[in-house]
Amino acid sequence: METLMILLIGVLVSVATYLVLSRNVIRVILGTAVLSHAVHLLILTIGEVKKGEAPLLGNQTADGPYTDALPQALILTAIVISFAVTAFVLVLAFRAYKTNGTDDLEKLRGDEHD
């Protein structure tokens, strides 16, 4: 299962790299969103999420392996932060498009003499 997840993460990183290297602002924003999802999957895969009992102090009946909740908590926090940052950057891109009339990064850069 981990091999399949690593292959999926590799595909997502390559797609995100292709999108980030584009000249279109929306593609760059989507590339960063895909890259953040690839990192979330990587943290989940490295964290070795396994089935097990909840690590509670009062639970004396559980003798098997325990589930570590830290990777899930980190991923949940990262998802919320990446969603907020993506929404903010989309609003910035929309405002830049309304102001300048283009979403091409080369045209948004401006002239050397401006």
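These notes cover the structure that comes with them. (Residues numbered from 1 in each chain as written. Predicted model: local features only at pLDDT ≥ 70, side-chain atom pairs only at ≥ 80, totals over all residues. Heavy atoms only, no water.)

1. A closer look at the overall build of the protein chain
Here comes step 1: What the protein chain contains, in helices and strands, is 4 helices and 0 strands.
Here comes step 2: Starting at the N terminus and walking to the C terminus, you meet the elements of the protein chain as α-α-α-α.
Here comes step 3: Looking at the 114 residues of the protein chain, the share that counts as buried comes to 18%.
Here comes step 4: Residue pairs at least 24 apart in sequence account for 55% of intrachain contacts in the protein chain once pairs closer than 6 positions are excluded.
Here comes step 5: Total accessible area on the protein chain is roughly 8,800 Å²; 68% of this is exposed by carbon and sulfur atoms. (Helix = DSSP H or I, 4+ residues; strand = E, 2+ residues; numbered from the N terminus. Buried < 20%, exposed > 50% of the residue type's maximum accessible area, 1.4 Å probe, protein only. Contact = heavy atoms within 4.5 Å. Areas by Shrake-Rupley, 256 points an atom, 1.4 Å probe, with all protein chains shown as cover.)

2. Some points on helix H3 (residues 70-100)
Here comes step 1: For H3, which comprises 31 residues, the first-to-last C-alpha distance of 44 Å matches the rise-based estimate of 45 Å (1.5 Å per residue) to within 8%.
Here comes step 2: Listed in full, the buried residues belonging to H3 are Pro-71, Ile-75, Ser-82 and Ala-93.
Here comes step 3: Looking at the packing, one finds that the buried side of H3 touches helix H2 (25-46).
Here comes step 4: The first or second residue beyond H3 is Gly-101, which carries a positive phi of 80 degrees. (Expected span 1.5 Å × (residues − 1).)

3. Things to note about the pattern of salt bridges
Here comes step 1: The tally for this structure, following the rule as stated, stands at 1 salt bridge.
Here comes step 2: A salt bridge links Arg-23 to Asp-104, with the nearest nitrogen and oxygen atoms 2.9 Å apart. With a gap of 81 residues between them, Arg-23 in the loop between helix H1 (2-20) and H2 and Asp-104 in the loop between H3 and helix H4 (105-109) connect regions that are remote in the sequence.
Here comes step 3: Since its relative accessible area comes to 13%, Asp-104 is described here as buried. (Salt bridge = Lys/Arg side-chain N within 4 Å of Asp/Glu carboxyl O.)

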